[in-house]
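# Structural overview
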Amino acid sequence: MPDPLWEIALSLYRLHISKGRWAYAEWNRSTRATLAGTRLGTAVRRLTPPQPAADFTGSA
């Protein structure tokens with residue numbers, strides 16, 4: 001059974017890397033605007049680093 005915390009963390013990571021930002025750009029923009037200034041938005045920012053070092057394929 002998948003662990004919900006890992007599912008959330010990996011989903012946030014996937015959306016944060018360049019491939020994820022490109023694939024879900026419109027959703028990413030609207031969600032960031034919706035979450036801005038909310039407690040959930042603060043929690044999401046804490047779970048995502050400013051810039052990931054590399055994605056799982058090893059490219060930056």
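What comes next concerns the included structure. Everything numeric here is computed off the predicted structure, so don't read it as measured data.

## Quick look at the overall build of the protein chain
- Broken down by element type, the protein chain carries 4 helices and 0 strands.
- Reading the helices (α) and strands (β) of the protein chain from amino to carboxyl end gives α-α-α-α.
- With 60 residues in all, the protein chain has 20% of them scored as buried.

## Comments concerning the pattern of salt bridges
- According to the stated counting rule, one finds 1 salt bridge in the structure shown.
- Ionic pairing is found between R29 and E26, a salt bridge with its closest N-O pair at 3.2 Å. With R29 and E26 both in helix 3 (residues 25-35) and 3 residues apart, the pair spans about one turn of that helix.
- According to the relative accessible area criterion, E26 is exposed, its value standing at 54%.

About the criteria used
- Residues numbered from 1 in each chain as written.
- Predicted model: local features only at pLDDT ≥ 70, side-chain atom pairs only at ≥ 80, totals over all residues.
- Heavy atoms only, no water.
- Helix = DSSP H or I, 4+ residues; strand = E, 2+ residues; numbered from the N terminus.
- Buried < 20%, exposed > 50% of the residue type's maximum accessible area, 1.4 Å probe, protein only.
- Salt bridge = Lys/Arg side-chain N within 4 Å of Asp/Glu carboxyl O.

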